[in-house]
Amino acid sequence: MIKKVDISVDHVTRVEGHGNIRLRASDGKVEHVEWQVPEAPRFFEAMVRGRSFEDIQTIVSRICGICSVTHSLASIKGVEDAMGIKVSGQTDKLRILCHYGEQMESHSLHVGYLVAPDLLGQNSVIPLVESHPDVIKTVIRLHRLGNTWMEIIGGRMTHPITLKPGGFTAIPSEQQLRELKKSIEDAVPDLKILADVILSLADKLPTFDRETEYIALKYPDYYTFYHGDIGSTDTDEQVPVQQFERVVNEYVSPQSTAKWCKWHRDSYAVGALARFNLNAEQLLPMAAETAKKFGLKKGACNPYLNNVAQVIECVQVAEHSLQLIDELLTKGLKPEPVKVEPKAGEGVGCVEAPRGILFHRYAFDEKGLCTKANICIPTGQNHANIQKDFEAFAPQIIDRDQDEIRLLLEMLVRAYDPCISCSTHFLNVKFV
Amino acid sequence: MSKLKVAFFDFACCEGCQLQVYNLEEEILDLLQLVEPVEWREAMSDQNDDYDVAIIEGSITRKEDERRLKAIRQNAKILIAFGSCATTGGVNKLKNNFEMQDVKKYVYGKDANMPHLNTYPTKGANEVVKVDYMVHGCPINIKEFSYIIRCLAIGKEPKIPNYPVCVECKMKENVCRFEYGEICLGPITRAGCDAKCPSSGMWCFGCRGFVDDPNVNAAKDVMAEYGKTLDDLRSKMLLFGSKQEF
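Residues numbered from 1 in each chain as written. Chains lettered and ligands numbered in written order. Predicted model: local features only at pLDDT ≥ 70, side-chain atom pairs only at ≥ 80, totals over all residues.

A.B. asks: Just to check I follow, could you spell out the overall build of chain B for this structure?
C.D. replies: Counting its secondary structure elements, chain B contains 10 helices and five strands. Over its C-alpha atoms chain B spans a radius of gyration of 19 Å, differing by no more than 12% from the 18 Å that the globule rule assigns to 246 residues. Across its three principal directions, the C-alpha atoms of chain B cover 55 × 50 × 30 Å. Counting over 246 residues, chain B shows a buried share of 46%. Sequence-distant contacts in chain B: of pairs separated by 6 or more residues, those separated by 24 or more amount to 74%. (Helix = DSSP H or I, 4+ residues; strand = E, 2+ residues; numbered from the N terminus. Rg over C-alpha atoms; globule rule 2.2 N^0.38 Å. Buried ≥ 20, exposed ≤ 12 C-beta atoms within 10 Å, placed from the backbone. Contact = placed C-beta atoms within 7 Å.)

Given below as structure tokens:
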């Protein structure tokens, strides 16, 4: 008898946004496998035209609920690049600190609430509340830490208020920073628990290696999420962010409705594993120790290990934040009122979202009104790589039970921590 | 007491309001004593048509959204619009200031006419179906959401503030944004956000929509006091629920 596999998952769950998986196979041969992103776009690039440089952050923060600090920072850096605005060392550090809060919040949410159910054989985090209460309470504490952290600096957990071109509308008090430092120090045992839990489940992460190109920011001073040039594991060349179009090379594939990206190969990957693969030697001691525990080394090319890299990054941002807070407190915080005179120009802002490198390009007229916008988001850059992973992985697992195949493919999508609202709106899996 | 069956559905939005539900942290565990989520794609793999309360996040921007929302309305005993995108159209309404063809062409160039890129002027949920309750804000105030759900679970009518943000802002003893020469939508915007933006040095951009019957005369007086007009106020009403009338 010919064994047929016919998988069609509409709206992959436990991801941000919607996407579909399609797989058709007959007699052990994969006939068709596709990662689909049926887009219901929101047209942000068109909507910001005519709006003031001061309002861009308020608007584009709403591209994504889970990386709103990242979108805010990318837009602000874009405005500052366009208008030649320089910011103070204090502003720079506070922004990075706020951004780290988002990495902590997003990574702990993704690993703890969205991925852990797969590793523990459940459909959602809800049954885990009873079966693994200690794990869930640890995740809740880390997630709340990330949120409080963003709120102290950004004024709100989601869609920050204080981040503006030139600086901050309001800064935290030194007392608040001291309290934040204390909460981060207190969270170190929780970070260890999270790492140990994921480590104990690491054998549940599928074994699937596929070499690809990894792209992330590179910066000489530290493991970066904010400053630097664009780096790749395929070349030593580093590209200034102002020339990001040279790296992303967006193209329309006949296979997919979403735009795909490629640089040196058919596809590339961005996100925590990409950052690790480019910058692992810059991890601070505790984070490096965590990586060692997992045995994760530069050159890792199992996409499921992105979840492990996220755990390592939770430790990294905590550790670096403690340093930044010390530096800020040593110098003393002072209010720095912002006054920006608009001028015409074009600029690019680039930062690392929890799920990978993000680019914003804007142009403004002499009144500071936006005349042009182009946004290239990390999940969009990963679409082609997910498809290439599917094409390589599906034949390896095609003999397995249909439900298992479905789960493995869903987990693969989830490993990228896709944020499809950013790129589009819809994610589904269909075995057709 | 049987638990209220709740389902979340998302349309065009950033899903940041669903994210606020996670931000309830330990309080989620308490709410789970009262309600049973039966469909919540962002958190669960389960799907289910049997629910009492449908929570709608996001704006309606396509014909197929409209059909889907109407079907949900038929299934649901109670329908809640959840967050600015659903309550007023939110930031998505900025799109309505442009021609749809221009918007599509600007973002997608020669692919603009592909069928999956179809879009029409943004609508809030209440422009398509009857909405029973609104959880305002961008993002929603999670305490208010938790309060509304608790009220519904015990059959009590939730009370949503119907006074302007200025009330909450004054209670926080903030210096008025008009004193800084800014135009702030606080005088006509519905409170309930704890005046978060003005408390962080930013003018109110009206994400919670207007109070039911904005006191236009009082707003006019405030504007006059700072040498500004109602038209100046109107000019700031673009970012959320674009160009709402008052």
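A.B. asks: Can you help me understand the overall build of chain A in this one?
C.D. replies: When helices and strands are tallied, chain A shows 14 helices and 14 strands. A compact globule built from 432 residues should have a C-alpha radius of gyration of about 22 Å, and chain A, at 21 Å, falls within 12% of that. With respect to the principal axes defined by its C-alpha atoms, chain A has extents near 75 × 45 × 40 Å. Counting over 432 residues, chain A shows a buried share of 58%.

A.B. asks: Honestly, helix 10 (residues 285-294) of chain A in this entry has me stumped. Any pointers?
C.D. replies: Residues and elements named next belong to chain A. For helix 10, the full list of buried residues reads A287, T290 and A291. Projected onto a plane normal to the axis of helix 10, the buried residues spread over an arc of 100 degrees and lie on a single side. Exposed positions of helix 10 whose direction lies more than 90 degrees from the buried face are P285 and K292. G295 sits one or two positions beyond helix 10 and adopts a positive phi of about 70 degrees. (Arc of directions from axis to C-beta.)

A.B. asks: Please clarify how the sheet that holds strand 13 (residues 356-364) of chain A should be interpreted in this entry.
C.D. replies: Sheet strands pair via backbone hydrogen bonds, and the direction of the pair is either parallel or antiparallel. Residues and elements named next belong to chain A. What the three strands build is an open sheet, ordered 12-13-14; its pairing is antiparallel. The open sheet is flanked by strand 12 (345-353) and strand 14 (370-376), the only strands paired with a single partner. On average, each strand axis in the sheet is inclined to that of its neighbour by 15 degrees, with strand direction left out of account. As paired strands, strand 13 and strand 14 are joined by six bridges and run antiparallel to one another. Paired with F364 across the bridge in strand 14 is C370. On top of the sheet, helix 3 (residues 68-83) reaches strand 12 and strand 13; it is set at about 150 degrees to strand 12, its chief contact. (Pairing = 2+ DSSP bridges. Axes fitted to C-alpha atoms, helices over the stretch in contact; angles between N-to-C directions.)

A.B. asks: How do you make sense of the interface of chain B and chain A when you look at a structure like this?
C.D. replies: Interfaces are frequently sized by the accessible area removed from exposure as the parts join. Counting residues at the interface gives 41 residues for chain B, matched by 47 residues for chain A. For the side of chain B that touches chain A, the secondary structure elements donating two or more residues are helix 1 (16-22), helix 5 (100-108) and helix 8 (196-199) of chain B. Its residues placed into classes, the side of chain B that touches chain A shows 21 nonpolar, 10 polar and 10 charged. (Nonpolar A, V, L, I, M, F, W, Y, C, P; charged D, E, K, R; others polar.)

A.B. asks: What am I meant to see in the confidence of the model for chain B here?
C.D. replies: If pLDDT is low for a region, its predicted coordinates should not be looked at in detail. Predicted confidence across chain B gives a mean pLDDT of 90, with 97% of residues reaching 70 or more. The ipTM assigned to the predicted complex is 0.92, against a pTM of 0.93. (pLDDT = per-residue confidence, 0-100.)

A.B. asks: I would appreciate a short explanation of unusual backbone geometry in the present structure.
C.D. replies: Most peptide bonds are trans, and most residues other than glycine sit at a negative phi. Here C138 of chain B and P139 of chain B are connected by a cis peptide whose omega angle stands at -5 degrees. Structurally, the position occupied by P139 of chain B is in the loop between strand 5 (133-135) and helix 6 (142-153). Phi at N249 of chain A is positive, roughly 40 degrees, even though this residue is not glycine. As for its placement among the helices and strands, N249 of chain A is situated in the loop between helix 8 (245-248) and strand 9 (251-252). Backbone geometry at E173 of chain B places phi at a positive 60 degrees, although glycine is not the residue there. Here E173 of chain B shows up in the loop between helix 7 (165-171) and helix 8.

A.B. asks: Please clarify how the confidence of the model for chain A should be interpreted in this entry.
C.D. replies: Summing up the model confidence of chain A, the mean pLDDT is 91 and the portion of residues at 70 or higher is 93%. Low confidence marks residues 421-432 of chain A, where pLDDT is under 50. Its contacts with residues over four positions away, or in another chain, come to 84 contacts.

A.B. asks: What should I look at first to understand the domain arrangement of chain B in this one?
C.D. replies: Residues and elements named next belong to chain B. In terms of domain boundaries, chain B breaks down into domain 1 (4-153) and domain 2 (165-235). Centre-to-centre, using C-alpha coordinates, domain 1 lies 27 Å away from domain 2. Contacts between the two partners involve eight residues from domain 1, matched on the other side by seven residues from domain 2. Residues belonging to the side of domain 1 that touches domain 2 are distributed by class as follows: one nonpolar, six polar and one charged. (Domains from an automatic or database assignment.)

A.B. asks: Would you take a moment to explain the packing of helix 10 of chain A against helix 11 (residues 306-331) of chain A for this structure?
C.D. replies: All names here are of chain A. Interaxial distance between helix 10 and helix 11 falls to 8 Å at its minimum, and their mutual angle equals 160 degrees. What the angle tells us is that helix 10 and helix 11 run roughly antiparallel. Note that helix 10 runs across helix 11; the crossing there is right-handed. Only V308, V311, I312, V315, Q316 and E319 of helix 11 make contact with helix 10, whose side of the interface consists of M286, A287, T290, A291 and F294. Here the residues of the contact of helix 10 with helix 11 are counted per class, giving eight nonpolar, two polar and one charged. (Parallel < 35°, antiparallel > 145°, perpendicular 65-115°, else oblique. Left-handed = near helix turned anticlockwise from the far one by under 90°.)

A.B. asks: Can you help me understand the pairing of strand 3 (residues 29-36) of chain A in this one?
C.D. replies: Here is the key point about a regular strand: its side chains alternate between the two faces of the sheet. All names here are of chain A. Here strand 2 (residues 20-26) pairs with strand 3 via six bridges, running antiparallel. Residue S26 lies in a different strand from strand 3, and its bridge partner there is K29. Hairpin connection between strand 2 and strand 3: a loop of two residues separates the two successive antiparallel strands, and D27 in this loop has a positive phi of roughly 55 degrees.

A.B. asks: Before we go on, may I ask you to explain the nonpolar core in this structure?
C.D. replies: One broad trend across soluble globular proteins is that nonpolar side chains are buried collectively. Judged by nonpolar contacts, the single largest core of 194 residues is most densely connected at I55 and I56 of chain B. For this core, the leading source of residues is helix 4 (residues 89-119) of chain A, giving 12 residues. Counting residues domain by domain, this core receives three or more from each of domain 1 (4-153) and domain 2 (165-235) of chain B. Apart from the residues within four sequence positions on either side, I56 of chain B is in contact with F9, F11, L69, L79, I80, A81, F82, A86 and A125 of chain B. (Core = buried A, V, L, I, M, F, W, Y, C linked by C-beta atoms within 7 Å.)

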